Number of protein chains: 2
Amino acid sequence: MIDNIFDFIGGNHGQWKILKMEPIVGETLKQAPYLKIVKSSTVKSSEGVWSLKGLISNIRYTEKEEKEKLISIQADLGRPEATKAALIPIKKSEVWWTLAQDERRKIFEAQSNHTKTGLKYLPAIARKLYHCRDIGEPFDFITFFEYAPSDSEAFEELVYSLRKTEEWKYVDREIDIRLIRE
Amino acid sequence: MIDNIFDFIGGNHGQWKILKMEPIVGETLKQAPYLKIVKSSTVKSSEGVWSLKGLISNIRYTEKEEKEKLISIQADLGRPEATKAALIPIKKSEVWWTLAQDERRKIFEAQSNHTKTGLKYLPAIARKLYHCRDIGEPFDFITFFEYAPSDSEAFEELVYSLRKTEEWKYVDREIDIRLIRE
């Protein structure tokens, strides 16, 4: 087991019941009734109907001032009141990945306000990013969001805002999986 | 097999004969006579005396103008005249990894001229970077350099220049492994 690597397994059991799986762009995943999240390793899991591997890494675009703001207000996963969640795997295009660091940062923040938008919904919407590109996975990122039922509308606003940005033009595949804590 | 993942195996055979293994900072690796480089997967190899896994990823600091310069003059690995090589695994400190993107970029280029220094020695010194952080490996990066015997002095200059930079103050472990093509 490696501390920063997790498997997200769609199957017959898990901590989260899957309410809805909606393909936003590109191919969907097979329907599954539950999502299990477990600490893992680099070895591909064969459990469940599907399994996605993601790893926690260092921050790639966030600058010092943004980082300090985020740290001062963000909430951890696992708050008892946060009984709703969303698992959103996305894949970006090859065009995105061949851009230089400054070109990606410019689209990410100057044009798309990715961090600024996320900050608006903190601490209500807790968020954790897992990287999957480079390890043979079908997606580039998995973002896991957790929130209380009373913040459902705020969450819809957040995903709506992000999806209409310049950055999202580089998203080739996205599935929106909604969850409720069992 | 995953196209962007490679194993670097120190053992009894391989494409490269190990001439010297010198720990620059921190613990060394066990002595081995040969280095084998093979396309791999996320599964840890048990071959050899030691094995390091590294993956090719997107660029993390290089900006558009630098990227264009690099592409216009860099050489690929595998040139017949490039019979000398160096495998240099390094690990950076936790302090480095908790810095924000703009703080790391500033140290990397504004203070340490990492890209500018590399550019000075192109196309003579071919260079490939493999990432190992986040996948349970003991190092964060492996850099593989290849050059002709007539460029040996230039290569010594390059590693000497990099090691005295501000960036290198964040290097916690480094081993310099020198190779000759078998």
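Residues numbered from 1 in each chain as written. Chains lettered and ligands numbered in written order. Predicted model: local features only at pLDDT ≥ 70, side-chain atom pairs only at ≥ 80, totals over all residues. Heavy atoms only, no water.

**Structural notes on the side chain of Lys53 of chain B**
All names here are of chain B. Structurally, Lys53 can be placed in strand E4 (residues 50-55). Reaching out from Lys53, the side chain makes a polar contact with the backbone oxygen of Ser41 at a distance of 2.7 Å. Within the structure, Lys53 has its side chain in polar contact with the backbone oxygen of Val43 (distance 2.8 Å). (Helix = DSSP H or I, 4+ residues; strand = E, 2+ residues; numbered from the N terminus. Polar contact = N/O pair within 3.5 Å; in protein donor to acceptor, adjacent residues only side chain to side chain.)

**Focus on the environment of Pro89 of chain B**
Residue and element names in this part refer to chain B. As for its placement among the helices and strands, Pro89 is situated in strand E5 (residues 84-92). Assessed through its relative accessible area of 0%, Pro89 is described here as buried. Between the C-alpha atom of Pro89 and that of Phe139, which follows or precedes it by 50 residues, the distance is 6.2 Å. Excluding residues within four positions of it along the chain, Pro89 makes contact with Leu52, Phe139, Phe141, Ile142, Arg173, Glu174, Ile175 and Ile177. (Buried < 20%, exposed > 50% of the residue type's maximum accessible area, 1.4 Å probe, protein only. Contact = heavy atoms within 4.5 Å.)

**So, the interface of chain A and chain B**
Taken together, the contact between chain A and chain B spans 26 residues of the former and 26 residues of the latter. Each partner contributes to the roughly 2,200 Å² buried at the junction of chain A and chain B, and carbon and sulfur atoms together form 50% of this total. When the area that chain A buries against chain B is broken down by residue, the three leading residues are Thr42, Asn58 and Asp134 of chain A, summing to 25%. At the junction of chain A and chain B, the tally comes to 2 salt bridges. (Buried area = accessible area lost by both parts, 1.4 Å probe. Salt bridge = Lys/Arg side-chain N within 4 Å of Asp/Glu carboxyl O.)

**Comments concerning the relation of the copies chain A and chain B**
With an axial shift of 0.0 Å and an RMSD of 0.0 Å, the rotation relating chain A to chain B amounts to 180 degrees. Interpreted geometrically, this transformation is the action of a two-fold axis. Looking at the interface residues of chain A, 100% of them are also at the interface in chain B, so both copies use one shared face. (Least-squares fit on C-alpha atoms with pLDDT ≥ 70 in both.)

**Quick notes on the packing of aromatic side chains**
Evaluated as defined, the whole model comprises 18 aromatic pairs over all chains. With a centroid separation of 6.4 Å and an interplanar angle of 65 degrees, the aromatic rings of Tyr61 of chain A and Trp96 of chain A are classed as edge-to-face. Highlighted residues: Tyr61 of chain A in the loop between strand E4 (50-55) and helix H1 (64-73) and Trp96 of chain A in helix H2 (residues 94-98), separated in sequence by 35 residues. Summarising the burial analysis for this pair, Tyr61 of chain A and Trp96 of chain A share the class buried. Classification of Tyr61 of chain A as buried rests on a relative accessible area of 10%. Pairwise contacts between aromatic rings join Tyr61, Trp96, Phe108 and Tyr170 of chain A into one cluster. Seen from the ring of Tyr34 of chain A, Lys17 of chain A lies directly overhead, with NZ or CZ sitting 5.4 Å from the centre. One cation-aromatic arrangement involves Lys92 of chain B over Trp96 of chain B; the distance from NZ or CZ to the ring centre is 3.9 Å. (Phe/Tyr/Trp six-rings, centres within 6.5 Å; stacked < 30°, edge-to-face > 60°. Lys NZ or Arg CZ within 6 Å of the ring centre and 35° of its normal.)

**Focus on the pairing of strand E2 (residues 16-25) of chain A**
Residue and element names in this part refer to chain A. Sheet topology places E2 next to strand E3 (residues 34-40); 2 bridges connect them, and they run antiparallel. Paired with Lys17 across the strands is Tyr34, a residue of E3. In the sheet, E2 pairs with strand E8 (residues 171-181) via 8 bridges, with the strands oriented antiparallel. When the bridges of E8 are listed, Ile18 appears paired with Leu179. (Pairing = 2+ DSSP bridges.)

**Considerations on the side chain of Ser93 of chain B**
Residues and elements named next belong to chain B. Summarising the element assignment, Ser93 is placed in the loop between E5 and helix H2 (94-98). Taking relative accessible area as the criterion, Ser93 reaches 10% and is therefore assigned buried. In contact with Ser93, not counting residues within four places along its chain, are Tyr170 and Asp172.

**Some words on the environment of Tyr130 of chain A**
Residues and elements named next belong to chain A. One can find Tyr130 in strand E6 (residues 126-131). It is 21 Å that separates the C-alpha atoms of Tyr130 and Ser72, two residues lying 58 residues apart in sequence. Contact partners of Tyr130, with chain neighbours within four places excluded, come to Phe6, Phe8, Gly54, Leu55, Ile56, Leu77, Asp140, Phe141, Ile142 and Phe144.

Any functional reading would require information that these geometric values do not contain.
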